[in-house]
Amino acid sequence: MRRNTPFYTYIKRLKKFRFYHIIVYALLGLIMFALMYSNVTPENLQLSIGDKADRNLRAPQFTIDTEKTEEKRNEAAGAVEHVYVLDEEKAVQQVERIHIIIDSVETTKQEVAKLGEQEVLNEEGEIEIQQVDIPLEEQMAILQEKLTSKLPSDWRRDIQEEDLITLLNADFNQLSVLRNATITAVHNAMQQEILTVADRDDARKSFETEMRITSIPGDSENTIRNVGINIGKIAIIPNKFYDSKATQDERQAAKDAVEPVEIATGQLLVKEGETITRELHRQLEVAGLLNTNKSIFSYVGLALLIAIMLASLVYLFNGKEISSHNKNSYLTMYLIIFTITLLIMKVISLFQQFENAAQIGFIAPVAMGAMLTKMLINERTAVITSIIFGICGSIIYNEFPGTLNYSLGIYLLVSSVAGVLFLSQHNRRSTILQAGMFISLINVGMIISLLAIKNTNFFMMNGLLNLGTNITMAVGSGVVAAVLTIGLLPFFEAGFGMLSTMKLLELSNPNHPLLRKILMETPGTYHHSVMVANLAESACEAVGANGLLARVASYYHDIGKTKRPNYFIENQMGRENPHDKLPPQTSKNIIVAHATDGAEILRQHNMPKEIIDIAAEHHGTSLLKFFYHKAKEQNSEVEEQEYRYPGPKAQSKEAAIVGTADSIEAAVRSLNNPTPERIETIVKAIIKDRIQDEQYSECDITFKELELISQSFCETLQGIFHSRIEYPEAANKKVEGK
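Residues numbered from 1 in each chain as written. Predicted model: local features only at pLDDT ≥ 70, side-chain atom pairs only at ≥ 80, totals over all residues. Heavy atoms only, no water.

## Notes on the overall build of the protein chain
Piece 1. A tally of regular secondary structure across the protein chain gives 30 helices and eight strands.
Piece 2. Residues classed as buried in the protein chain amount to 45% of the 738 residues present. (Helix = DSSP H or I, 4+ residues; strand = E, 2+ residues; numbered from the N terminus. Buried < 20%, exposed > 50% of the residue type's maximum accessible area, 1.4 Å probe, protein only.)

## Thoughts on the packing of aromatic side chains
Piece 1. Per the counting criterion, the structure on display carries ten aromatic pairs.
Piece 2. Between Phe362 and Tyr411, the aromatic rings sit 4.7 Å apart at their centres with planes inclined by 80 degrees, giving edge-to-face as the arrangement. Of this pair, Phe362 sits in the loop between helix 14 (327-349) and helix 15 (367-376) while Tyr411 sits in helix 17 (residues 406-425), and the two are 49 residues apart along the sequence.
Piece 3. Assessed through its relative accessible area of 5%, Phe362 is described here as buried.
Piece 4. Clustering of aromatic rings is evident, with ring pairs tying together Phe317, Tyr334, Phe338 and Phe389.
Piece 5. Sitting above the plane of the Phe172 ring, Lys109 keeps its charged end 5.7 Å from the centroid. (Phe/Tyr/Trp six-rings, centres within 6.5 Å; stacked < 30°, edge-to-face > 60°. Lys NZ or Arg CZ within 6 Å of the ring centre and 35° of its normal.)

## Re unusual backbone geometry
Piece 1. Cis geometry is adopted by the peptide bond preceding Pro648, which originates at Gly647 and carries an omega value of 5 degrees.
Piece 2. With a phi angle near 60 degrees, Glu694 is a residue other than glycine that sits in the positive phi range.
Piece 3. Residue position: Glu694 is located in the loop between helix 28 (676-692) and helix 29 (703-720).
Piece 4. Accessibility expressed as a relative area gives 48% for Glu694, which makes it partly exposed.

## Notes on helix 26 (residues 625-634)
Because an α-helix packs 3.6 residues into every turn, residues spaced three or four apart end up facing the same way.
Piece 1. Along helix 26, the positions that sit buried rather than exposed are Phe627, Tyr628 and Ala631. Buried residues along helix 26 cover an arc of 105 degrees about the axis, so they all sit on one side. Residues of helix 26 that are exposed and point more than 90 degrees away from the buried face comprise Phe626 and Glu633.
Piece 2. Buried positions along helix 26 lie against helix 24 (584-604). (Arc of directions from axis to C-beta. Contact = heavy atoms within 4.5 Å.)

## Examining the pattern of salt bridges
Piece 1. Summed over the entire model, instances satisfying the criterion amount to 24 salt bridges.
Piece 2. Between Lys240 and Glu193 there is a salt bridge; the shortest N-O distance is 3.0 Å. Note that Lys240 is positioned in strand 6 (residues 240-242) and Glu193 in the loop between helix 8 (172-189) and helix 9 (197-212), a separation of 47 residues in sequence.
Piece 3. Residue Glu193 is classed as partly exposed on the basis of its relative accessible area of 48%.
Piece 4. Here Lys233 ties to Glu208 by a salt bridge, and the two come within 3.0 Å at their closest N and O atoms. In this pair, Lys233 is assigned in helix 10 (residues 223-235) and Glu208 in helix 9, connecting sequence segments 25 residues apart.
Piece 5. Residue classification places Lys233 among the partly exposed residues on the basis of a relative accessible area of 27%.
Piece 6. Within this structure, Asp103, Glu106 and Arg179 form a network of salt bridges that share partners. (Salt bridge = Lys/Arg side-chain N within 4 Å of Asp/Glu carboxyl O.)

## Describing the environment of Met502
Piece 1. Relative to the elements of secondary structure, Met502 occurs in helix 20 (residues 501-507).
Piece 2. Residue Met502 is classed as buried on the basis of its relative accessible area of 2%.
Piece 3. Once the C-alpha coordinates of Met502 and Leu489 are considered, the two residues, 13 residues apart in sequence, prove to be 9.1 Å apart.

## A few points about the environment of Gly393
Piece 1. Position of Gly393 relative to the elements: it lies in helix 16 (residues 379-396).
Piece 2. Along the sequence, Gly393 and Tyr406 sit 13 residues apart, while their C-alpha atoms lie 8.9 Å from each other.

## Digging into a nonpolar patch on the surface
Piece 1. On the surface, a cluster of nonpolar side chains totalling about 490 Å² of accessible area is made up of Phe19, Ile22, Ile23, Leu27 and Leu30.
Piece 2. Of the residues examined, Leu27 reaches a relative accessible area of 39% and is grouped as partly exposed. (Patch = residues over 30% accessible without salt bridge, like charges linked within 9 Å, V, L, I, M, F, W, Y side chains within 5 Å. Areas by Shrake-Rupley, 256 points an atom, 1.4 Å probe, with all protein chains shown as cover.)

## Description of the side chain of Lys240
Piece 1. At a separation of 3.0 Å, a polar atom in the side chain of Lys240 contacts the side chain of Glu193.
Piece 2. If we skip the residues at most four places from it in the chain, Lys240 touches Tyr84, Val85, Leu86, Glu193, Ile194 and Leu195. (Polar contact = N/O pair within 3.5 Å; in protein donor to acceptor, adjacent residues only side chain to side chain.)

## Overview of helix 2 (residues 19-40)
Piece 1. With 22 residues, helix 2 should reach 32 Å at 1.5 Å per residue; the first-to-last C-alpha distance of 31 Å fits that figure.
Piece 2. Its axis deflected by about 30 degrees at Ala34, helix 2 carries its strongest bend there.
Piece 3. Of all the positions in helix 2, only His21, Val24, Tyr25, Leu28, Gly29, Met32, Leu35, Met36, Asn39 and Val40 are classed as buried.
Piece 4. Here the buried face of helix 2 lies against helix 13 (297-317), helix 14 and helix 16. (Expected span 1.5 Å × (residues − 1). Bend = angle between axes of the 7 residues up to and from the residue.)

## Details of the side chain of Arg551
Piece 1. Structurally, Arg551 is set in helix 23 (residues 547-556).
Piece 2. Classification of Arg551 as buried rests on a relative accessible area of 16%.
Piece 3. A polar side-chain atom of Arg551 sits 2.6 Å from a polar atom in the side chain of Asn534.
Piece 4. Ignoring anything within four residues of it in the chain, the contact list for Arg551 reads Ala533, Asn534 and Glu537.

## Regarding the nonpolar core
Piece 1. Ranked by size, the top nonpolar core spans 63 residues in total, and within it Met32 and Tyr411 carry the most contacts.
Piece 2. When residues of this core are traced back to their parent elements, those giving at least two are helix 2, helix 13, helix 14, helix 15, helix 16, helix 17, helix 18 (432-453) and helix 19 (461-496).
Piece 3. Per-element tally for this core: the top contributor is helix 14, with ten residues.
Piece 4. Met32 has contacts with Ile306, Met309, Leu310, Phe338, Leu342, Ile388 and Cys392, leaving out every residue within four places of it along the chain.
Piece 5. Of all hydrophobic cores here, the second largest spans 52 residues; its members include Cys540, Ile559, Ile612 and Ala616. (Core = buried A, V, L, I, M, F, W, Y, C linked by side-chain atoms within 4.5 Å.)

## Looking at the packing of helix 14 against helix 16
Piece 1. For the pair helix 14 and helix 16, interaxial distance at closest approach is 11 Å and the crossing angle is 25 degrees. Classified by the angle their axes make, helix 14 and helix 16 are roughly parallel. As helix 14 packs across helix 16, the resulting crossing turns out to be right-handed. Across the interface between the two elements, Tyr334, Phe338, Thr341, Leu342, Met345, Lys346 and Ser349 of helix 14 pack against Thr381, Thr385, Ile388, Phe389, Cys392, Gly393 and Ile396 of helix 16.
Piece 2. Of the residues belonging to the contact of helix 14 with helix 16, the class tally is eight nonpolar, five polar and one charged. (Axes fitted to C-alpha atoms, helices over the stretch in contact; angles between N-to-C directions. Parallel < 35°, antiparallel > 145°, perpendicular 65-115°, else oblique. Left-handed = near helix turned anticlockwise from the far one by under 90°. Nonpolar A, V, L, I, M, F, W, Y, C, P; charged D, E, K, R; others polar.)

## Here we look at the confidence of the model for the protein chain
Piece 1. On average, residues of the protein chain score 83 in pLDDT, and 87% of them are at 70 or above.
Piece 2. Per-residue pLDDT stays below 50 along residues 730-738; that stretch engages in two contacts with residues further than four places along the chain or on separate chains. (pLDDT = per-residue confidence, 0-100.)

## Re the packing of helix 4 (residues 89-115) against helix 8
Piece 1. Relative to each other, helix 4 and helix 8 sit at 170 degrees, their axes nearing to 9 Å. Classed by the angle they form, the pair helix 4 and helix 8 counts as roughly antiparallel. Contacts from Val95, Ile98, His99, Ile102, Asp103, Val105, Glu106, Lys109 and Gln110 in helix 4 reach Phe172, Leu175, Leu178, Arg179, Thr182, Ile183, Val186 and His187 in helix 8.
Piece 2. Split into classes, the residues belonging to the contact of helix 4 with helix 8 amount to nine nonpolar, four polar and four charged.

Have a look at this one:
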């Protein structure tokens, strides 16, 4: 397997899959299966023919009634009449045979004439050609020989010998007239559809009538014409035949045109109190209500669906968006949030059995689970969770076992996603109720749209009552979701030590005791921290890191300086620098201690681990160059390692960015004239120095991201230190002051 493929990377991550994770995912799967098990279990009724139904029985799923369908299709096929095809080639074929007879007679007469020619001496002694009569038997033999090779046996059988003799005695002109008249009459007669014997007799009468008006020269007794009539009658045969293939095709088409007999989901099969007849019993059996053989397919399908949903969660929690050291807490918290939400959905679904409570699922506050997931974990997981809630809801709120309630599933999905999207723009605890109202508004819109799609008449009394009830539940769903979110959020934050957006916003409040301590005891450090926060937040947002975490951590990252505020230059306010009278080693110890002291102070005040880590890591193992060089001047044998921060190095992008912003802000603040060019030079120099010093070696930050961070720092600093024009009034006052 290639090592640089995404699939290889994912498999490598799966190798680190912990046993605890497997337990959590297994519990999730078991909980989902247990809560949806009853919704996929087929209903089996114990009813026999003659029993009376104790309630209305409806079809649990869409089914095709194959027996009834086949019965209707056979009826449709039986109604199709036989298909007969007119063979127009028959007329051509029969006319051609009449041609053969006349041609054979003419050829025979020509041959007989040649055979009868004999050479004799006349009285003058010259040779003359005389015509000798050829016996009729010999002429007939020649003609029969020709007809045998060209005419079918039935024609030879039906043609009378007297008629052939008559034709042999006729002259060529008479034969020509007879040919044309007979062929024309036969062709006209064969244009009719001739199927039965009666049809043939009618055609022959029509042919004979046409021939009777035909006049042949020299045929005063109509002997030759009668021969033509006899031959024409032989030629007129049926020209319409039964087509078995076409008939079969027509019957198949009739079968295919019959729509399958469907039993729709929810279709009323038997009314309450109705006697079960043989036909009703058969329909119940087709619908699966009398199937005593329990199939495992529904359970296998549910298990497969749950496995697919769990696979998406495994992929999410195994990604880079969730830090590894918090993964167990996130998984446990997710398990609890998911279970609570699913249990609420299941409990509400139990009320569906009551009359007029089929749509009780509209009140389910599933947006609560999505909002908690968004605030405590991340938005991507919340969106996937919303999809899972929608799928589970379509099963839990189904009307019949084994079906899906698509309307409710879509409603729950949109409701959950609406909560996630609103909170992505409004991240204060006070806006959760506003989020609930927003969800309620979206829910109402979904109710109206779903009912309209179903062609519900809102202006009927029942329609208005149904609409009002559903809208009330939709509004209640949003409000209840917000209230539950506000109520449960503190428990998750306190119980799992989660650093949610809400928690970060609370920590960023200037009235927080620790921020007040920094402001009052180290005002210079407070101003420095605010500047670092601006730089770090912008840089984090540029590379997709947590900008709010970086901002809040920046506020607290130098809190260790409150132990010895005067030893840090930003708090000296022009006073004498105490480090001028201290040895480099002592100064180094004081400066280095602010990182560890800050982390300890934050721990004592139960601050979130992420903020403590950033306070401890923001200097990494960097070198205190000023005091190192000062010590080097006094003692050339001083080791560089003695003047480095103890670390650890930055473990996250946020820690790396805050540390870099801390160094850059201090360096730029020391400039007398911070022009854009000088700012850019300092920013790039500091980042390059930290790269060479391997301060980024333990966090997953890339060179491309460092370039984006550098650009962000430059843009923010140029906005802070941009040049300002001198207003006339200010200039005049300066002149007067002189």
